[in-house]
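Per-entry structural report
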Amino acid sequence: MSSAVHENVKNYYGSRLETSDDLQTNAACVMPSRPLLKSACEALKQVHPEVCKRYFGCGLVIPEKLEGCTVLDLGSGSGRDCYVLSKLVGERGRVIGLDMTDEMIVASQKYVQYHQEKFGYSKPNTEFVKGYMEKLSDAGMQNSSVDVVVSNCVICLCPDKRTVISEAYKVLKEGGELYYSDMYASKLVPDSFKEDPVLWGEGMAGALYWRDLISLMNDIGFSTPHLVAGSHIVVHNPEIQRKTGDVKYASGTYRIFKLPQNSIKTRALVTYKGTVPDCAECFEFDASHSFKTSVPVEVGAEMAAILQNTRFSNDFNITMLDTPDTDQSSSPQYCHFSPFHLADKLGSSVKQCSKTGH
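Calculation criteria
- Residues numbered from 1 in each chain as written.
- Predicted model: local features only at pLDDT ≥ 70, side-chain atom pairs only at ≥ 80, totals over all residues.
- Heavy atoms only, no water.
- UniProt positions renumbered as here; feature names shortened; annotations may be inferred.
- Core = buried A, V, L, I, M, F, W, Y, C linked by side-chain atoms within 4.5 Å.
- Buried < 20%, exposed > 50% of the residue type's maximum accessible area, 1.4 Å probe, protein only.
- Helix = DSSP H or I, 4+ residues; strand = E, 2+ residues; numbered from the N terminus.
- Contact = heavy atoms within 4.5 Å.
- Phe/Tyr/Trp six-rings, centres within 6.5 Å; stacked < 30°, edge-to-face > 60°.
- Lys NZ or Arg CZ within 6 Å of the ring centre and 35° of its normal.
- Salt bridge = Lys/Arg side-chain N within 4 Å of Asp/Glu carboxyl O.
- 1 Å grid on protein atoms, 1.4 Å probe; cavity = no way out; pocket = protein on both sides within 12 Å on 5 of 7 lines; lining within 4 Å.
- Points joined across faces, edges and corners; volume = space filled by probe spheres on them.
- Pairing = 2+ DSSP bridges.
- Axes fitted to C-alpha atoms, helices over the stretch in contact; angles between N-to-C directions.

In the annotation of an unreviewed UniProt entry, the protein chain is listed under the name Arsenite methyltransferase and assigned to Carassius auratus. Annotation of the protein chain in UniProt includes, under Sequence similarities (unreviewed entry), the sentence "Belongs to the methyltransferase superfamily. Arsenite methyltransferase family."

Below is the structure:
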């Protein structure tokens with residue numbers, strides 16, 4: 001699996017970058033357009049400062065209702081997200097961090113016992129394995145073995161995104177979720193970018209044109225991507241600004257589901273029960289769907305299938321309808337999927353990096 005791109009990325013994150021302050025953009029420091037869950041905030045405060053210092057993500061990959069889940073983190077880096085997830089899945093859950101960089105594996109493994117004791121667990125629920133996202137079976141991952149796959153600004157570092165997404169699809173259980181943040185480009189990235197090792201290391205050379213995400217996910221078998229959060233990414237380095245020209249970048253967090261092939265596709269009337277942890281009054285599923293407790297809402301066929309067939313099925317009363325699904329059209333409203341549009345709409349801002357990465 002080793003290639004020039006992989007070797008460059010290994011060197012960039014294993015040796016060149018010491019802290020998030022060394023990045024040439026604000027990717028690790030964008031102000032999220034969606035607040036962190038209370039339980040996730042509390043968990044983040046308990047993560048060792050040395051782990052947080054080498055955080056290179058570009059979003060928040062902490063979905064709701066993780067108790068007891070098995071979670072795989074693709075490109076786990078220093079382990080910051082894994083340790084937050086470790087707290088949220090509980091002692092019965094399991095977190096697997098996968099990274100191809102020796103330095104990152106060593107750095108993250110160093111704090112397994114620390115967090116086990118910090119969270120009061122009788123044994124560790126987190127492990128870190130070396131491997132490539134393009135070949136998860138070689139890293140010991142079994143098909144249909146994972147409830148949730150997360151990734152934080154890493155898929156943009158991979159030259160073969162279709163294979164990465166296909167591998168994630170394979171290891172997910174039916175009804176499982178891919179919840180990830182990544183860097184996206186405002187247009188197709190020129191091939192010339194891919195010859196620059198710094199642009200690759202920063203994620204700019206490999207950033208996907210955001211419009212291509214929908215067809216990519218659908219081709220592999222996933223549901224339509226649901227945009228959760230979006231923020232503009234600012235390039236600090238004048239030389240990199242010159243190289244990237246009029247290509248703009250944004251951080252986008254999406255949630256996508258592996259639905260049963262035979263799931264019923266019809267509209268539904270759904271009523272949220274208020275039972276998702278941290279979401280007693282309202283469950284903000286994504287940037288376009290917000291479910292208030294005890295308030296019936298009519299949803300499209302795919303959203304109905306998601307709520308019926310995933311870990312959220314017990315959190316809704318669902319009544320299937322016979323009305324046609326007008327949401328399913330050949331020309332989707334792309335603004336609903338654009339991290340750039342959402343960032344503009346919410347007026348996302350930039351904050352300065354703290355030394356802890358919080």
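Some words on the nonpolar core
Membership of the largest hydrophobic core comes to 46 residues, with the highest contact counts inside it found for V71, V84, F283, F291 and F316. Contributions of two or more residues to this core are made by α2 (38–45), α3 (49–53), α4 (80–89), β4 (146–152), β7 (226–233), β9 (268–272) and α11 (301–309). The greatest single-element share of this core, amounting to 6 residues, is contributed by α4. Beyond its immediate sequence surroundings of up to four residues, V84 is in contact with A40, A43, L44, V47 and I62. By size, the runner-up hydrophobic cluster in this structure holds 38 residues, among which are V149, V154, I165 and V171.

Points about the packing of aromatic side chains
Inspection of the entire model under this criterion finds 12 aromatic pairs. Consider the rings of F283 and F285, whose centres lie 6.0 Å apart with planes at 80 degrees: the pair is edge-to-face. The exposure class assigned to F285 is buried, which follows from its relative accessible area of 0%. Their ring planes at 80 degrees and their centres at 5.1 Å tell us that F291 and F316 sit as a pair that is edge-to-face. Of this pair, F291 sits in strand β11 (residues 290–292) while F316 sits in strand β13 (residues 316–320), placing them 25 residues apart in sequence. Both residues of the pair, F291 and F316, belong to the buried class. Taken together through their ring pairs, the aromatic side chains of F257, Y272, F283, F285, F291, F312 and F316 make up a single cluster. Over the ring of F285 we find R255, and its NZ or CZ is 4.7 Å from the ring centre. K258 extends its terminal NZ or CZ atom over the ring of Y169, reaching a point 4.6 Å from the ring centre.

Observations concerning the pattern of salt bridges
Within this structure, the stated rule accounts for 17 salt bridges. D191 is paired through a salt bridge with K194; the nearest N and O atoms lie 3.9 Å apart. Residue classification places D191 among the exposed positions, given a relative accessible area of 58%. Here K194 falls in the partly exposed class, since its relative accessible area comes to 41%. When salt bridges with common partners are traced through the structure, they connect E64, E177, R255 and R311 into a single cluster.

Thoughts on empty space enclosed by the protein
Evaluation of the coordinates by the stated rule reveals 5 cavities of 30 Å³ or more. Its volume calculated, the second largest cavity comes out at about 50 Å³. If you trace the second largest cavity, you find 10 residues lining it, with L36, I62, R80, D81 and V84 closest to the centre. For the lining of the second largest cavity, the elements supplying multiple residues, two or more each, are α2 and α4. Of all the elements, α4 adds the most residues to the lining of the second largest cavity, at 3 residues.

Overview of the sheet that holds strand β12 (residues 296–299)
Pairing is antiparallel across the open sheet formed by 3 strands, whose spatial order is β12-β9-β13. For this open sheet the edge positions go to β12 and β13, each flanked by a neighbour on one side alone. Pairs of neighbouring strands in the sheet enclose a mean axial angle of 25 degrees, with direction left out of account. In the sheet, β9 pairs with β13 via 5 bridges, with the strands oriented antiparallel. Bridge pairing in β13 links L269 to T319.

A short note on the pairing of strand β8 (residues 249–257)
For β8, the buried fraction is high: 9 of the 9 residues fall into the buried class. Burial along β8 is two-sided: Y249, S251, T253, R255 and F257 and A250, G252, Y254 and I256, pointing in opposite directions, are all buried. Where strand β5 (residues 172–185) lies against β8, 9 bridges are found, and the strand directions are antiparallel. Residue pairing in the sheet places E177 in a bridge with F257 of β8. Where β7 lies against β8, 7 bridges are found, and the strand directions are antiparallel.

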